[in-house]
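Chain and residue survey
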Amino acid sequence: MKINDIQRQPSYFDTYINQVEDLDLLDAFQKSIADLDALDLEKLHALGDQVYAPGKWTVRDLFQHILDTERVFSYRALRFARNDKTALPGYDENLFAENAGASARPLEEILAEMRLVRQSSLALFGSFSEEAMCRKGVVWKWELPVLAMGFILVGHQNHHFNVLRERYFPLLNA
């Protein structure tokens, strides 16, 4: 299923969904794994714990945030795909970041975990029938289709990889 198959999603999530190419969702997940594998480790290590502005996350924090968000949205998608109508709460990404301990972990370990979690999401969404992909549920104040959640996950990674290129990598030339 493709982006155009999403029946309705809150415009809040367009920021992420619009960063995904017009691909089948499973192909978009595969491409996101290739994008993860293509990251320039030398540049990432050179950045170390630099941030592009006060109060922003380090590269390891950023990757941990992608991981945490992937797990939260995959859980939500599973619940809704299984026709669970329970409204689910939002989550505080900053609270997660403060308590994740990303700075104590090697970058390669976080990236390896990201790859495994993304492969798991690919398998999860690949297991959903078309009917399950069209099911919806409420997250905080938004109704989200399962299909939209898959594209949000891919687009969320794309968004943060763009932030890396546009805001973090220029720090290496400063």
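Here, every reference points to the structure presented above.
Residues numbered from 1 in each chain as written. Predicted model: local features only at pLDDT ≥ 70, side-chain atom pairs only at ≥ 80, totals over all residues. Heavy atoms only, no water.

**Considerations on the pairing of strand β2 (residues 142–145)**
When strand β1 (residues 136–139) meets β2, the two strands line up antiparallel, connected through four bridges. Its bridge partner being in β2, V138 is matched across the sheet by E143. Two successive antiparallel strands, β1 and β2, enclose a turn made up of two residues, where W140 displays a positive phi of approximately 55°. (Pairing = 2+ DSSP bridges. Helix = DSSP H or I, 4+ residues; strand = E, 2+ residues; numbered from the N terminus.)

**Some remarks on helix α6 (residues 107–127)**
Counted at 1.5 Å a residue, the expected span for α6 with its 21 residues is 30 Å, and the 30 Å between its end C-alpha atoms agrees. Every buried residue of α6 is listed here: L107, I110, L111, E113, M114, V117, R118, S121, L122, L124 and F125. Buried residues along α6 sit in contact with α2 (25–37), α3 (41–47), α4 (59–81), α7 (130–134) and α8 (146–168). (Expected span 1.5 Å × (residues − 1). Buried < 20%, exposed > 50% of the residue type's maximum accessible area, 1.4 Å probe, protein only. Contact = heavy atoms within 4.5 Å.)

**Considerations on the packing of α6 against α8**
Their axes nearest at 11 Å, the elements α6 and α8 cross at an angle of 155°. It follows that α6 is roughly antiparallel to α8 by the angle criterion. Crossing handedness for the pair α6 and α8: left-handed. Residues M114, R118, S121 and F125 of α6 form the contact with α8, whose own contacting residues are V146, M149, G150, L153, V154, Q157 and F161. Here the contact of α6 with α8 is built from residues that sort into seven nonpolar, three polar and one charged. (Axes fitted to C-alpha atoms, helices over the stretch in contact; angles between N-to-C directions. Parallel < 35°, antiparallel > 145°, perpendicular 65-115°, else oblique. Left-handed = near helix turned anticlockwise from the far one by under 90°. Nonpolar A, V, L, I, M, F, W, Y, C, P; charged D, E, K, R; others polar.)

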